[in-house]
Amino acid sequence: MNIKKTVLLPLITAGLLAAAPGVMAAKFKMALGDAAGGTQWELGQTFKTLFEKKAAGKHTVDLFPNGQLGDEQNTVNNAALGTLDFSVLAINNVTPFSPTVGVLTLPYVIQSAEDAKKLTQGPLGKELTENTIRDAGVRIVGWAYSGFRVLTNSKKPVTTVADLKGMVIRVPKNEIMIATYQAWGINPTPMAWSETFTALQQGVVDGQDNPYITVSAMKFNEVQKYITNVRYLFSLEPLIVSESVFQDQKPEVQKAILEAGMEATEHSYKYLLETEDKIKKDLAAKGMQISDAADGEKEFIEKATKAVWPKFYESIGGKAKLDQALKSLGR
Ligand code: MLT
């Protein structure tokens, strides 16, 4: 466990240190896969502010953006081992460790930000949190709502499934996303997030998908020209805490973590609604060319849902899990 615990010296000057003498202070570390300025950063910063206030200055959280503490999937391992305290990462990078979470990443299950909120904050979200503790040794204490992952590329406008032919598209190392592109007729290139910008820049891959806010925070507009509004995957980015670190905390600190996580989640939702459109306009102003998928995305939707959903029934815990998700969304 890496929490640096310091026995605080007795206060010499009132107000210099907020903690009482003898109180153990923890300096928590939080990993972020993305650069500062996106939805991960917004969630992490809000959590930090709220948690530090609730912990009355006794404990602090430091954010390490840009994959400084390791690739997103590695941060799950490190948190499970207790060598990292917190991480904010895309849900698709949690699925390999806790496959039932995949119900949230099946293509076109989530069709709006409201759907995303309903699923994560309803009974299914609670169940998935329990599952990640059991399977991956990490606890989800908050969510960043990052918007739909749009497809970017450096070659040409893409509006139909056929336009993808011949393109090299990077995807995370996530079976559901790989299967989705295969259903659209191409074999995508699975690659760690930390390697993606360089691969786009050097032309090793032509494109990738991520939300508008992430595209902007990562400055992908410098290496990508075209955007297609596909809505196959709504990007949910959980804030996870190492379960062993969590269990080591006093009840009042656990309470502060859970409350700060919930409040930061509410903030994240508002932030998305207030920010996404502005970012989209800004990317267009910077020269990105934005297209909608043809035909209301019909072909993308049909091909993906038909081929991909049944392939993953078993790993998400049975078709009943998908039915439960759809029912809770009124479908
Ligand atoms: C990925 O594409 O690997 C992730 O979605 C990146 C992210 O966390 O923003």
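Residues numbered from 1 in each chain as written. Predicted model: local features only at pLDDT ≥ 70, side-chain atom pairs only at ≥ 80, totals over all residues. Heavy atoms only, no water.

By the naming in an unreviewed UniProt entry, the chain is TRAP transporter substrate-binding protein, taken from Denitromonas halophila.

Notes on the layout of surface pockets
The calculated volume of the largest pocket comes to roughly 440 Å³. In terms of lining residues, the largest pocket is bounded by 17 residues, among which Lys126, Thr129, Ile140, Val141 and Met262 are the most central. Listing elements by their share of the lining of the largest pocket, those giving two or more residues are helix H3 (113-121), helix H4 (123-136), strand S5 (138-153) and helix H9 (251-285). Tallied by class, the residues present in the lining of the largest pocket amount to 6 nonpolar, 7 polar and 4 charged. (1 Å grid on protein atoms, 1.4 Å probe; cavity = no way out; pocket = protein on both sides within 12 Å on 5 of 7 lines; lining within 4 Å. Points joined across faces, edges and corners; volume = space filled by probe spheres on them. Helix = DSSP H or I, 4+ residues; strand = E, 2+ residues; numbered from the N terminus. Nonpolar A, V, L, I, M, F, W, Y, C, P; charged D, E, K, R; others polar.)

Description of unusual backbone geometry
Phi is positive for Lys219, close to 55°, though the residue is something other than glycine. Here Lys219 lies in the loop between helix H7 (212-217) and strand S9 (226-229). Its identity is not glycine, yet Asp295 carries a phi of approximately 60°, on the positive side. Note that Asp295 resides in the loop between strand S11 (289-292) and helix H10 (298-311). By relative accessible area, which is 65% here, Asp295 ends up exposed. (Buried < 20%, exposed > 50% of the residue type's maximum accessible area, 1.4 Å probe, protein only.)

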